Amino acid sequence: DRMKESLPAIDLLINNAGVMIPPFARTEDGFELQFGVNHLGHFALTARLLPHLKAEAGSRVVVLSSVASRSLCGRPPRLDEYRPATQLVGRTNFW
């Protein structure tokens, strides 16, 4: 694996939001595109890099997102709520 050769240890990983309100599409695995890119993609990348992070004492993972997520419902979204996209017209198709 090329990554093991070029990055034996990582001291900081920053996961930043990737896409915002794209046209509706699905990832190759069938997830809604924005959720797949901004959340599942970050999780998968972090999991793949975890051995490199563990190799460096005191390493950190920082996860950032857009402040636009707060405008979704006037408060931070809750994962236990489901909102059909039709209820979010003009906001986002995130949920």
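Residues numbered from 1 in each chain as written. Predicted model: local features only at pLDDT ≥ 70, side-chain atom pairs only at ≥ 80, totals over all residues. Heavy atoms only, no water.

Quick word on the overall build of the chain
- Each helix and strand counted, the chain has two helices and two strands in total.
- Here the chain, with 95 residues, has 20% of them falling under the buried criterion.
- Sequence-distant contacts, at least 24 apart, represent 55% of the contacts inside the chain between residues at least 6 apart.
- For the chain, the computed accessible surface area is about 7000 Å², with 58% contributed by carbon and sulfur atoms. (Helix = DSSP H or I, 4+ residues; strand = E, 2+ residues; numbered from the N terminus. Buried < 20%, exposed > 50% of the residue type's maximum accessible area, 1.4 Å probe, protein only. Contact = heavy atoms within 4.5 Å. Areas by Shrake-Rupley, 256 points an atom, 1.4 Å probe, with all protein chains shown as cover.)

Some remarks on the pairing of strand S2 (residues 60-63)
- Here strand S1 (residues 12-15) pairs with S2 via four bridges, running parallel. Each residue of the ladder has a partner; that of Leu13, found in S2, is Val61.
- Where the polypeptide runs from S1 across helix H2 (residues 33-54) and back to S2, its parallel neighbour, the crossover connection is right-handed. (Pairing = 2+ DSSP bridges. Right-handed = clockwise from strand over helix to strand, strands pointing away.)

So, the side chain of Asn15
- With respect to the helices and strands, Asn15 occurs in strand S1.
- The contact partners of Asn15, leaving out residues within four places of it in the chain, are His42, Leu45, Thr46, Val61, Val62, Val63 and Leu64.

Structural notes on the environment of Pro8
- Turning to its location among the elements, Pro8 is positioned in the loop between helix H1 (2-6) and S1.
- In the structure, Pro8 is positioned 43 residues away from Pro51 in sequence and 8.9 Å away in space, judged by C-alpha atoms.

Regarding H2
- For H2, which comprises 22 residues, the first-to-last C-alpha distance of 30 Å matches the rise-based estimate of 32 Å (1.5 Å per residue) to within 8%.
- At Arg48, H2 shows its maximal bend, which comes to roughly 45°, and the proline Pro51 appears one to four places after that position.
- When we look at burial in H2, the residues that qualify are Gln34, Gly36, Asn38, His42, Thr46, Leu49, His52 and Leu53.
- Between the side-chain oxygen at the start of H2 and the backbone nitrogen of Gln34 there is a gap of 3.2 Å, and the oxygen is on Glu32. (Expected span 1.5 Å × (residues − 1). Bend = angle between axes of the 7 residues up to and from the residue. Polar contact = N/O pair within 3.5 Å; in protein donor to acceptor, adjacent residues only side chain to side chain.)

Observations regarding the side chain of Thr46
- By the element assignment, Thr46 lies in helix H2.
- The class for Thr46 is buried, based on a relative accessible area of 16%.
- Separated by 2.9 Å, the side chains of Thr46 and Asn15 make a polar contact.
- At 2.9 Å, the side chain of Thr46 and the backbone oxygen of His42 are in polar contact.
- Sequence-distant contacts of Thr46, that is, excluding residues within four places in its chain, are made with Leu13, Asn15, Leu53 and Val61.

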